[in-house]
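The chain contents come next:
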Amino acid sequence: MGKPYGSMPRKKVPRGEEGSAMDFAILWDFGGYAQYSVLFYGYYNSQRAIGWLKFRMPLSYFLVGVGTVAYSYMVVIRTMARNANEEGGGDDTSFNFSWKIFTSWDYLIGNPETADNKFASITTSFKESIVEEQESHKDENIHLTRFLRVLANFLVLCCLAGSGYLIYFVVRRSQKFALEGLESYGWWERNEVNMVMSLLGMFCPMLFDVISALENYHPRIALQWQLGRIFALFLGNLYTFIIALMDEINLKREEEEVVKFNMTIWEASLYNGTLAANVTAAPITVDPADVPRGPCWETMVGQEFVRLIVSDTMTTYITLLIGDFLRAIFVRFLNYCWCWDLEYGFPSYSEFDVSGNVLGLIFNQGMIWMGAFYAPCLPALNVLRLHVSMYLQCWAVMSCNVPQERVFKASGSNNFYMAMLLVILFLSTLPAIYTIVSIPPSFDCGPFSGKNRMFDVIQETLQSDFPTWFGKVFSYASNPGLILPFILLMV
Amino acid sequence: MGNKQTIFTDEQLDAYQDCTFFTRKEILRLHGRYHELAPHLVPMDYTNDPDVKLPLALIVNMPELKENPFRSRIVESFSEDGEGNLSFNDFVDMFSVLSETAPRELKAIYAFKIYDFNTDNFLCKEDLEKTLNKLTREELTPEEVVLVCEKSIEEADLDGDSKLSFADFENMITRAPDFISTFHIRI
């Protein structure tokens with residue numbers, strides 16, 4: 001395995017930070033010992049082959065990163081294809097109700113619980129079909145409806161523009177704070193960007209929900225519009241976040257130049273006149289904690305993503321506790337001494353929010369895809385978070401939520417969710433790929449330190465690990481004239 | 001194996017095999033199930049064709065039928081007297097039609113009989129309403145029930161008499177993708 005903690009400069013907490021490295025506040029922010037651990041990119045050594053198995057670590061890091069994205073694409077597209085087949089087969093709706101009456105009971109059922117479930121699902125299925133039937137019969141005043149829909153879309157656009165500007169404003173402010181040094185500001189200023197994004201994510205969907213009451217769509221269509229709008233909101237947020245990150249990356253790269261320059265001076269000061277100019281001397285052992293470090297922009301990116309996901313998780317749980325649980329307690333217990341019936345009137349119990357939860361999952365996944373290259377253990381952390389979320393939300397649904405009033409088949413729009421997932425996959429791997437291809441890696445941290453570009457590791461492997469004829473074949477095969485027809489063929 | 005069974009004569013077993021979709025072993029097993037429903041009533045020796053009928057109440061308590069909302073109608077449709085008293089022949093007949101190997105047309109005939117509550121050879125609105133109420137355990141409101149039944153008759157009625165004859169029913173059910181897989185009991 002790779003070298004242990006403390007053996008190299010990049011693997012050890014610097015001397016200056018050692019005092020505070022175990023503080024809970026620092027660890028919660030993923031600094032200190034958490035920063036110098038396998039959680040983040042900066043810890044990994046760039047040694048070409050490790051151990052007696054000659055495990056090529058940088059190559060495998062790169063390939064795993066790229067491979068997970070490719071695998072994700074395959075899985076999502078395959079699921080979409082499978083869903084499309086099933087939905088397409090059920091196109092014949094000419095005997096909808098008759099089939100429901102005469103073929104929905106499964107005569108093989110012998111278990112009383114299964115029978116109960118089957119009765120319930122048959123009833124739900126009938127209610128859905130009845131709703132759809134009634135929707136198609138409604139008399140519509142076309143002009144009023146169209147006008148209201150245009151108005152609603154206009155309001156939504158205003159909201160989106162407003163939130164985009166707010167985030168931009170907050171990001172600029174945080175850059176200003178960073179320039180002046182973060183110590184002089186309190187907790188709010190330090191976490192302003194994350195908090196504003198989380199708050200927007202909490203309140204804007206509710207606003208969209210209210211606006212969509214104007215539009216008067218079938219519940220399934222309304223849900224899709226709602227999802228589309230929340231999608232646009234989150235996308236705006238995420239991309240503003242990334243632009244802010246890009247600014248910070250550039251700042252760190254400039255810092256790196258300065259540090260590189262200072263390192264040469266520091267090394268010279270170590271030898272301090274004990275040798276002449278062109279003689280190589282035995283390296284003086286220096287404790288790794290004392291070596292001056294370059295700012296590792298990749299680790300910084302990883303940290304930002306991990307923090308974003310943690311704050312997103314916290315926001316979800318707190319919203320759940322306050323919005324659902326406290327509300328349910330309030331409605332249940334204060335109902336006895338309140339003037340109007342709380343359960344039927346204003347607050348009442350909260351409905352289970354399908355769109356919000358689905359989007360939460362999809363965006364969580366998008367953030368993982370974005371950050372996984374720079375924080376390799378992020379997927380593992382996320383699996384843990386998903387387990388906890390599942391139990392928490394299951395409990396919340398069972399104890400505080402009531403089902404939605406209008407029954408409709410949410411699972412009928414399976415492919416819609418998959419399509420959103422695909423778009424998010426594409427959009428979230430874009431920034432990571434951009435940074436891999438165009439920004440040179442830090443000089444002293446991570447598995448690609450010292451290289452000009454991260455994908456140089458592939459070049460290197462081809463040249464040194466494979467027989468020479470392979471390299472020649474590859475260089476012929478990578479001729480654009482061959483690749484282009486191949487891509488067109490696959491499309 | 002090796003003992004010659006004495007429940008049925010060979011001719012009887014051959015006749016059963018011809019008339020139903022079961023093999024000899026399955027018929028003997030069915031006899032075992034029929035016998036254990038009422039051991040004191042059902043003789044072990046069927047070689048001289050005893051005239052034994054089991055009442056509806058015994059048959060609908062079988063585990064395969066217990067949870068089925070249409071169990072009474074199923075048993076009634078296969079009984080000769082229409083009251084649900086099944087002889088062994090009727091019993092075998094019932095499970096044979098509901099088995100996997102029975103053809104679609106045969107199943108359609110008996111499905112029609114089962115859902116025809118007033119046995120007038122038509123599926124009228126009352127039959128459909130009864131079917132629907134059994135299916136949903138009366139969870140739908142009366143307006144919803146009326147709506148569904150009207151829609152169903154509208155969909156399937158070809159001759160315009162606002163009730164479904166066997167031809168209408170067969171036309172509708174043969175196009176259903178799930179009919180064969182749901183109209184199936186394994187014994």
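See above for the structure.
The following refers to the structure shown. Worth saying up front: this structure is predicted, and the values here are computed from it rather than measured.

1. Describing the state of the cysteines
All names here are of chain A. Overall, the coordinates contain 1 disulfide over all chains when judged by the stated rule. For Cys 296, the disulfide goes to Cys 445, at an S-S distance of 1.7 Å. An S-S torsion of about 85 degrees defines the bridge between Cys 296 and Cys 445 as right-handed. Within this pair, whereas Cys 296 is found in the loop between helix H9 (219–271) and helix H10 (297–334), its partner Cys 445 is found in the loop between helix H13 (414–438) and helix H14 (456–465), the two being separated by 149 residues in sequence. Cys 445 matches Cys 296 in its accessibility class, with the two residues each being buried. The thiol of Cys 158 is unpaired, and the distance to the nearest cysteine sulfur, on Cys 159, comes to 7.2 Å.

2. Considering the interface of chain B and chain A
Taken together, the contact pairs 43 residues of chain B with 28 residues of chain A. Surface buried jointly by chain B and chain A totals about 3200 Å² across both partners, of which 67% is contributed by carbon and sulfur atoms. Three residues, B:Glu67, B:Leu135 and B:Glu155, lead the burial of chain B against chain A; their summed loss comes to 21% of the area buried on that side. Linking chain B to chain A there are 11 residue pairs in polar contact (both at pLDDT 80 or more). Those elements that place two or more of their residues in the side of chain B that touches chain A are helix H6 (104–115), helix H7 (125–136), helix H8 (142–156), helix H9 (166–174) and helix H10 (179–182) of chain B. Of the residues forming the side of chain B that touches chain A, the biggest block, 7 residues, is contributed by H8(B). By residue class, the composition of the side of chain B that touches chain A is 24 nonpolar, 8 polar and 11 charged.

3. Regarding the pattern of salt bridges
All names here are of chain A. Scanning the entire structure with this criterion turns up 15 salt bridges over all chains. A salt bridge links Arg 15 to Glu 18, with the nearest nitrogen and oxygen atoms 3.5 Å apart. Judged by relative accessible area, Arg 15 falls into the partly exposed class, the value being 40%. When the shortest N-O distance is used, the salt bridge between Arg 229 and Glu 215 registers 2.8 Å. Of the two residues, Arg 229 sits in helix H9 while Glu 215 sits in the loop between helix H8 (192–212) and H9, which places them 14 residues apart along the sequence. Exposure class is identical for Arg 229 and Glu 215. Each is buried. A single network of salt bridges, built from pairs that share partners, joins Arg 48, Lys 451 and Glu 460.

What counts as what
Residues numbered from 1 in each chain as written. Chains lettered and ligands numbered in written order. Predicted model: local features only at pLDDT ≥ 70, side-chain atom pairs only at ≥ 80, totals over all residues. Heavy atoms only, no water. Disulfide = S-S within 2.5 Å. Helix = DSSP H or I, 4+ residues; strand = E, 2+ residues; numbered from the N terminus. Buried < 20%, exposed > 50% of the residue type's maximum accessible area, 1.4 Å probe, protein only. Contact = heavy atoms within 4.5 Å. Buried area = accessible area lost by both parts, 1.4 Å probe. Polar contact = N/O pair within 3.5 Å; in protein donor to acceptor, adjacent residues only side chain to side chain. Nonpolar A, V, L, I, M, F, W, Y, C, P; charged D, E, K, R; others polar. Salt bridge = Lys/Arg side-chain N within 4 Å of Asp/Glu carboxyl O.

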